[in-house]
Each structure stands twice: as structure tokens, then as C-alpha cells.
Amino acid sequence: MNKIQETDLAIFKGIPAFSEMLHVGKPNIGSRERLINRINDMLDRRWLTNSGPYVIEFERRVADFLGVKHCVAMCNGTVALEIAIRALELKGEVIIPSFTFVATAHAFQWQEITPVFCDIDPETHTIDPNRVEDMITPRTSGIMGVHLWGRPCNTEKLSEIANRRNLHLLFDAAHAFGASHNGTMIGNFGEAEVFSFHATKFMNSYEGGAVVTNNDKLAEKMRLMKNFGFAGYDNVIYIGTNGKMTEMAAAMGLTNLESIDEFIVANRRNYQCYQEELAGLPGIRLISYNSAEKCNYQYIVLEVDGGKAGLHRDELLKVFHAENILARRYFYPGCHRMEPYRSYFPHSGLLLPETERLASEVLLLPTGTSVSPDDIEKICAILRIVVENATAVRTVLAQIN
Ligand code: T4K
């Protein structure tokens, strides 16, 4: 690649580095041929939903892959969270991190359970077990950790607290499909773990989700709840909803499940490429993955220290967007600063200093099977030139605004 100068940048009226938008969440897609064969079989069978053969196969293969007893497939991760929460009969307050996708909090508030936001550990970006006990009140019924970016929570400490304080423990594992913790696959921790198979996730079924658990009774209850509470023809025994995964989604899920090794190879290659290209850049820290464990490397997460880099994260975002690199500020500004939570608890930020700081520093860059090492070289060259010319870049950005 020819060396770029700061005047080549789009904010200086140069041509954008990418002619088409480069997204953070471009889906990983497995074998088209196998997917199309499956869709044809499904159409021939005329069995489209309601626990069809693909959904049953998907559930069995996911459970086998994770080494967990039950997988209950659902229409998306949010409904899977809602059903797990209801099936566990959580009530009152549940302690969760604020630094997560808002669906984690909404799944509780939707059922009039109060999400109580707990700060995160700045190293792992996951709920800080040392802060959890401060948040427990007589109304607390559970704790939900989020394995953010696919990096596991401190499950040992959380389960010690949950056991001692007699609280339920579950995990939002939306990012962590294919990851392990101390050699055990994510999916086996707490009473239940919830995956998302949304298009942007490491393993997708267009839209989709699942709750996995080793608890037979809980699994049975969730199976009924996702199907309106029907326990056989004409016999409804719980309040339920429609949380079913379609056959079309399961066909995609099965096909992608067969390709996850390729997805990991591409993601790991991209991660290593970013690691090399960003080495030594002041104020830019790429989060690390524990290579001794299984990781899906699905997220390229930077922490931008504005003081050292010479530019704030949001200034970098503007530079990237001008280059058609759609970097994202996940999970800005933190759930506690979104409605309805910011109206309900206007001062909760005071207890969330690490969340507040990271929400203003974190930037996600594109990766996945559709992003090549050449793309990454270009992205990193832009980042380098911007940091090296931070003052000039700042001046131009101030004029643009
Ligand atoms: N818990 C956690 C921790 C989660 O992160 C999520 C979901 C959930 C629970 C809930 O699970 P689900 O109910 O979604 O199964 C996206 C996703 O919609 C969401 O699934 C995900 N987390 C969240 C982190 O990201 P947005 O608002 O950023 O989506 P959007 O439309 O901006 O798409 C992201 C990027 O991906 C865009 O730059 C465009 C690109 N993209 C997207 C789609 C759908 C594509 O290139 N192709 C596509 O098909 O929320």
C-alpha cells in the first residue's frame, strides 16, 4: 500500500478510503450450497416453524457443541432473555452491568423487574464482582453477567456471591458463542446462559437466540413458555409467548454452525493483523483475548485514551465515517443514560465511573469474514496518520462542525 499523507484523508477533501461502507457487523455466512439445499428440503416438506426438524437438529447440535444438556432455540436473543428471566421467576431487582446492549436491561424492565446497574472491571469490561455486593438490597432476586465481546465474566466469584446470598445467577452470552472459560464452554455457567444468533453475531441464524441450561425442569418450562404455554393440544399450563425459531432460521444456524472454524480463522487473522498494525500507537489500546481459551475474536475493540492519542474517540469516529469506515461506539452511552433508565435513576452514573469512562473511550472496528487484511492495513494506516497529525486533524474537524 502507498504511504498515505494526512492531506489524503477524506476530512481534508481527499477521496474516502473505501468506496462502499465497511460495516462492523457484516454477517459471517457459511456454505451457500448447503443453505440452499436445506431451504429446498424445507419447502418440499412444507414444515416452516413450530419445532420442525431443523430446529430440533439445531438444538441438539448446539447442545452437543457446548457440552450442555439443553438448548431451547428461540426467535431472537431478547425474547430468549425474557423467557429465561420469567422461567427463573426473577422479581424485584436484578443486578446487571450498564455497559451492554440495551436489550439486556430492557428484558428485565419489560417485565417490571428493575435492572440495578453495577460497574465493570476496567480490564475485562464485564461486571465487577467486587461491586456486586454493594448493590444487593432486600428486593434483589438475581445477578446477570454479560460476557461482553465474548470475554467471560468472573463466573467463580459471581457464583460464590450468588450462592452465599441465595440469588439466581444467569448470563447474557450473546457475544460468547464458541468461547470457553477455564476449559469449559460458555453455556455451562450459572443456571442458564442466553445466546443471540442475530445477523451481526459470530454465528447467526438471521435472527435467533437460545437459552442453554443443565436444568431439566427449567428447560421444559422454557419450551412451553416459548410456545404460548401449550403442554399438548388444547392444554395451556403457563402464561407463554411466541418465542419460536423458524425452520428458515434454523437452516441458516445449522449451516453457519458447520463453518464456525472458518469464521474463527478469519477473525483471529484479522485480530492479529490489527494487533501488529496498531502496535506502539500512543493512546490506542486493542483489548486482548486469552489465547489459552477458545475465543471467537468477533469484536475488534479499541480503548482510545484522548489525552495520549491527541484526539477523542468521537473525533476518530468522524474521521472513520468520512472514510466510509462505519466504526461503532458500542455501548455508548451505557444503559443507565438511556430511557427509561436515565429518568428512573438520574444519578446512577455516580456509582459507575468505569462504565462512564469506557463508554466514552471504546470504539469498534470492522472485522469478520468479509474484511480482509488489506482493508485492515488501510484502516490502521488511517488511524496512525490521524494520531501522528492529531493537532491538524482536530483543527479541520473543528472547522467542519
Ligand atoms: N445482549 C447483548 C449483549 C447483545 O449484544 C444483544 C444484541 C442482545 C442481548 C440481544 O440479542 P438479539 O435480540 O439482537 O438477538 C446490533 C444488533 O441488532 C444486536 O443484535 C446486537 N446485540 C447489537 C450489538 O448490535 P445495532 O443497532 O448496532 O444494529 P445495526 O442495524 O446498526 O447493525 C450493526 C451493523 O451491522 C451495521 O453497521 C450494519 C451491519 N449489518 C447489519 C445487519 C443486520 C450488516 O452488514 N448486515 C446485516 O444483515 O444492533
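Scroll up for the structure.
Since the structure is predicted, the reported quantities are computational estimates derived from the model, not experimental observations. (Residues numbered from 1 in each chain as written. Predicted model: local features only at pLDDT ≥ 70, side-chain atom pairs only at ≥ 80, totals over all residues. Heavy atoms only, no water.)

A.B. asks: Kindly report on the nonpolar core, identifying the contributing residues and their values.
C.D. replies: If you look at the biggest cluster of nonpolar residues, it comprises 104 residues, and the most contacted ones within it are Trp149, Phe177 and Ile284. By residue number, the principal contributor to this core is helix H14 (residues 373-388), which donates 8 residues. If near-sequence neighbours (up to four positions away) are discounted, Phe177 is found in contact with Val62, Phe65, Leu66, Phe195, Phe197, Phe202, Met203, Leu257, Ile260 and Asn296. Among the nonpolar cores identified, the runner-up in size contains 31 residues, and Val79, Leu81, Ala84 and Ile85 belong to it. (Core = buried A, V, L, I, M, F, W, Y, C linked by side-chain atoms within 4.5 Å. Buried < 20%, exposed > 50% of the residue type's maximum accessible area, 1.4 Å probe, protein only. Helix = DSSP H or I, 4+ residues; strand = E, 2+ residues; numbered from the N terminus. Contact = heavy atoms within 4.5 Å.)

A.B. asks: Describe the site of the ligand, and please don't skip the residues or the numbers.
C.D. replies: Neighbouring the ligand are 25 residues, the closest being Thr78, Asp172, Ser196, Lys201 and Tyr330. With respect to the ligand, the side chain of Asp172 contributes an N or O atom lying 2.7 Å from a nitrogen atom. The separation between an oxygen atom of the ligand and a polar side-chain atom of His175 is 2.8 Å. Coverage of the ligand by the protein amounts to 76% of the 920 Å² it exposes when considered alone. For the shell around the ligand, the secondary-structure elements that each account for two or more residues are helix H3 (77-87) and helix H4 (102-109). Across the shell around the ligand, the residue classes tally to 9 nonpolar, 12 polar and 4 charged. (Near = heavy atom within 4 Å. Polar contact = N/O pair within 3.5 Å; in protein donor to acceptor, adjacent residues only side chain to side chain. Areas by Shrake-Rupley, 256 points an atom, 1.4 Å probe, with all protein chains shown as cover. Nonpolar A, V, L, I, M, F, W, Y, C, P; charged D, E, K, R; others polar.)

A.B. asks: How would you sum up the sheet that holds strand S11 (residues 284-286)? Please name residues and give values.
C.D. replies: Here we have 3 strands laid out as an open sheet, ordered S11-S12-S14, and antiparallel in their pairing. Here the strands that pair on one side only, and so sit at the sheet edges, are S11 and strand S14 (362-365). Between one strand axis and the next, the sheet turns through 30° on average, direction left out of account. Two strands pair when backbone bridges link them, and S11 and strand S12 (residues 300-304) are joined in this way by 3 bridges, in the antiparallel orientation. Residue Leu286 lies in a different strand from S12, and its bridge partner there is Leu302. Sheet contacts for helix H9 (residues 260-278): S11, S12 and S14; angle to S11, the most-contacted strand, approximately 155°. (Pairing = 2+ DSSP bridges. Axes fitted to C-alpha atoms, helices over the stretch in contact; angles between N-to-C directions.)

A.B. asks: So what about the side chain of His125? Which residues, and what values?
C.D. replies: Turning to its location among the elements, His125 is positioned in the loop between strand S4 (114-118) and helix H5 (129-135). Judged by its relative accessible area of 1%, His125 is buried. Among the polar contacts listed, one links the side chain of His125 to the side chain of Glu303, at a separation of 2.7 Å.

A.B. asks: Mind laying out the packing of helix H11 (residues 313-322) against helix H15 (residues 390-400), listing which residues take part and the relevant values?
C.D. replies: Contact geometry for H11 and H15: axes closest at 11 Å, N-to-C directions at 75°. It follows that H11 is roughly perpendicular to H15 by the angle criterion. Here H11 contributes Glu315, Lys318 and Val319 to the contact with H15, which in turn contributes Val393, Arg394 and Leu397. Grouping the constituent residues of the contact of H11 with H15 by class yields 3 nonpolar, no polar and 3 charged. (Parallel < 35°, antiparallel > 145°, perpendicular 65-115°, else oblique.)

A.B. asks: Report on the packing of aromatic side chains, specifying residues and quantitative values.
C.D. replies: Scanning the model with the defined rule gives 17 aromatic pairs in all. Measuring from ring centre to ring centre gives 6.3 Å for Phe99 and Trp149, while their planes differ by 80°; the resulting arrangement is edge-to-face. Residue Phe99 is found in the loop between strand S3 (93-97) and H4, and its partner Trp149 is found in the loop between strand S5 (140-146) and helix H6 (155-164); the two are separated by 50 residues along the sequence. Linked through ring pairs, Phe99, Phe101, Trp149, Tyr299, Tyr330 and Phe331 together constitute an aromatic cluster. The ring of Tyr54 is capped by Arg45, whose NZ or CZ atom sits 4.6 Å from the centre of that ring. Directly above the aromatic system of Phe18 lies the positively charged group of Lys378, at a separation of 4.5 Å from the ring centroid. (Phe/Tyr/Trp six-rings, centres within 6.5 Å; stacked < 30°, edge-to-face > 60°. Lys NZ or Arg CZ within 6 Å of the ring centre and 35° of its normal.)

A.B. asks: So what about the sheet that holds strand S9 (residues 192-196)? Which residues, and what values?
C.D. replies: Ordered by their spatial adjacency, 7 strands build an open sheet running S2-S10-S9-S6-S5-S3-S4, and the pairing between neighbours is mixed. Bordering the open sheet on either side are strand S2 (70-74) and S4, each of which pairs with just one other strand. Neighbour-to-neighbour, the strand axes of the sheet open up by a mean angle of 25°, direction not taken into account. Packed on one face of the sheet, H6 meets S5 and strand S6 (168-172) and runs near 150° to S6.

A.B. asks: Explain a nonpolar patch on the surface residue by residue, including any values.
C.D. replies: On the surface, a nonpolar cluster with roughly 240 Å² of combined accessible area is contributed by Phe228, Phe230 and Val236. Summarising the element assignment, Phe230 is placed in the loop between helix H7 (216-225) and helix H8 (247-257). In this structure Phe230 comes out as partly exposed when scored by relative accessible area, which is 33%. (Patch = residues over 30% accessible without salt bridge, like charges linked within 9 Å, V, L, I, M, F, W, Y side chains within 5 Å. Salt bridge = Lys/Arg side-chain N within 4 Å of Asp/Glu carboxyl O.)

A.B. asks: Can you lay out unusual backbone geometry for me, pointing to particular residues and giving the numbers?
C.D. replies: The step from Tyr330 to Phe331 runs through a cis peptide bond, and the omega angle for that step is -5°. Following Glu339, the chain continues to Pro340 via a peptide bond in cis, the omega torsion being 5°. Mapping Pro340 onto the fold places it in the loop between strand S13 (325-326) and helix H12 (341-344).

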